[in-house]
Amino acid sequence: MTLDLLGLLPAGWRERMEPHLDPATVASLTAFVSAEYENETVFPPLEDLFTAFRLCPLESTRVLILGQDPYHKQGQAHGLSFSVRPGVSVPPSLRNIYKELHDDLGVTPPKNGDLTGWASQGVLMLNAVLTVRAGKPGSHANQGWEHFTDAAIKALDDLPYPVVFVLWGSYARKKKVLVTNPKHVVLEAGHPSPMNPKGFLGSRPFSGIAKALADAGRGQVNWS
């Protein structure tokens with residue numbers, strides 16, 4: 001199997017990301033990902049690889065919520081950070097996100113873990129690493145995906161209108177250095193995982209997003 005990662009990207013994203021990409025790194029990443037999909041069980045399924053970009057065009061993006069890498073169990077990952085398909089049990093981190101959404105805005109969360117509705121409203125649900133081998137979390141880290149998704153963050157930073165960058169956990173917060181345009185708003189907090197007992201619950205990210213979008217005249221997200 002030989003993939004064309006850039007060819008699979010929606011054109012709007014590809015055009016804005018390419019200036020930030022090193023061709024040799026992309027070639028190496030492409031070779032690695034192609035071999036993994038051909039020889040191993042990899043999540044998300046290939047058809048879902050760029051779901052976040054497909055559902056959330058660059059020019060429509062108002063909010064970025066950055067995850068680390070996809071869920072590594074069968075049937076979970078479908079190309080959106082923190083999201084799972086309807087019928088799949090809501091993972092612990094997403095349960096905490098839903099709890100904070102209710103505590104912060106009084107919003108009743110979705111009945112399942114599918115965040116497609118958020119993505120379709122301009123919330124880019126992006127993982128820093130976009131693939132993972134089944135049962136092996138972090139197995140596709142340091143293969144070039146970080147360079148690839150950094151280019152997406154830089155493309156957002158290039159936009160002339162405000163975007164809200166939501167960085168949860170130490171890994172995501174390291175990406176703050178990529179946001180250099182003073183038009184943008186960066187909201188930081190601890191990771192929503194239950195393994196992190198402090199720093200997320202009570203951080204009120206959703207009201208922070210609402211204020212930033214209102215201040216920028218960019219509407220609101222219907223989180224329910």
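Residues numbered from 1 in each chain as written. Predicted model: local features only at pLDDT ≥ 70, side-chain atom pairs only at ≥ 80, totals over all residues. Heavy atoms only, no water.

Looking up the protein chain in an unreviewed UniProt entry gives the name Uracil-DNA glycosylase, with the organism given as Virgisporangium aurantiacum. In its Function (unreviewed entry) section, the UniProt entry covering the protein chain states "Excises uracil residues from the DNA which can arise as a result of misincorporation of dUMP residues by DNA polymerase or due to deamination of cytosine." In UniProt, the protein chain has this text filed under Catalytic activity (unreviewed entry): "Hydrolyzes single-stranded DNA or mismatched double-stranded DNA and polynucleotides, releasing free uracil." (UniProt positions renumbered as here; feature names shortened; annotations may be inferred.)

Summed over the entire model, instances satisfying the criterion amount to 11 aromatic pairs. Ring geometry for Trp 13 against Phe 53: centres 5.0 Å apart, planes inclined by 75 degrees, an arrangement best described as edge-to-face. Separated by 40 residues along the polypeptide, Trp 13 in helix 2 (residues 11-17) and Phe 53 in helix 4 (residues 51-55) bring together distant segments of the chain. In terms of burial, Trp 13 and Phe 53 fall into one category: buried. (Phe/Tyr/Trp six-rings, centres within 6.5 Å; stacked < 30°, edge-to-face > 60°. Helix = DSSP H or I, 4+ residues; strand = E, 2+ residues; numbered from the N terminus. Buried < 20%, exposed > 50% of the residue type's maximum accessible area, 1.4 Å probe, protein only.)

It is worth spelling out the side chain of Thr 131 at this point. Along the polypeptide, Thr 131 turns up in the loop between strand 3 (123-127) and strand 4 (132-133). A distance of 2.7 Å separates a polar atom in the side chain of Thr 131 from a polar atom in the side chain of His 140. Non-local contacts of Thr 131, meaning those with residues more than four positions away in its chain, are made with Val 33, Tyr 37, Val 42, Phe 43, Pro 44, Leu 49, Pro 70, His 140 and Trp 145. (Polar contact = N/O pair within 3.5 Å; in protein donor to acceptor, adjacent residues only side chain to side chain. Contact = heavy atoms within 4.5 Å.)

Quick look at the nonpolar core now. If you look at the biggest cluster of nonpolar residues, it comprises 70 residues, and the most contacted ones within it are Met 17, Trp 118, Trp 145 and Phe 148. Broken down by element, this core gets its largest block of residues, 7 residues, from helix 7 (residues 145-157). Ignoring sequence-local partners within four residues, the contact set of Trp 118 consists of Ile 97, Tyr 98, Leu 101, Pro 110, Val 123, Met 125, Phe 206, Asn 222 and Trp 223. (Core = buried A, V, L, I, M, F, W, Y, C linked by side-chain atoms within 4.5 Å.)

Turning our attention to the sheet that holds strand 3. Strand order in the open sheet made by the 4 strands is 3-2-5-6, with parallel pairing throughout. A strand with exactly one partner marks an edge of an open sheet, and here the two such strands are strand 3 and strand 6 (185-189). Ignoring strand direction, the axes of neighbouring strands in this sheet form an average angle of 20 degrees. In the packing of helix 7 onto the sheet, contacts are made with strand 2 (63-67), strand 3 and strand 5 (164-168), and the angle to strand 3 comes to roughly 155 degrees. Lying on the sheet, helix 9 (residues 205-216) is in contact with strand 2, strand 5 and strand 6; it crosses strand 5 at an angle near 165 degrees. (Pairing = 2+ DSSP bridges. Axes fitted to C-alpha atoms, helices over the stretch in contact; angles between N-to-C directions.)

Okay, the UniProt feature "active site" (unreviewed entry) in the protein chain next. Per the UniProt record, "active site" (unreviewed entry) is annotated on Asp 69. Along the chain, Asp 69 turns up in the loop between strand 2 and helix 5 (92-105). Filtering out sequence-adjacent residues up to four positions away, Asp 69 remains in contact with Asn 127, Val 129, Val 132, Pro 137 and Gly 138. Polar contacts involving the side chain of Asp 69 include one to the main-chain amide nitrogen of Gly 138, which spans 2.7 Å.

With 13 residues, helix 7 extends 18 Å from end C-alpha to end C-alpha; this agrees with the ideal 18 Å at 1.5 Å per step. The buried fraction of helix 7 amounts to 11 of the 13 residues, a majority that puts the element mostly inside the structure. For helix 7, the full list of buried residues reads Trp 145, Glu 146, Phe 148, Thr 149, Asp 150, Ala 151, Ala 152, Ile 153, Ala 155, Leu 156 and Asp 157. (Expected span 1.5 Å × (residues − 1).)

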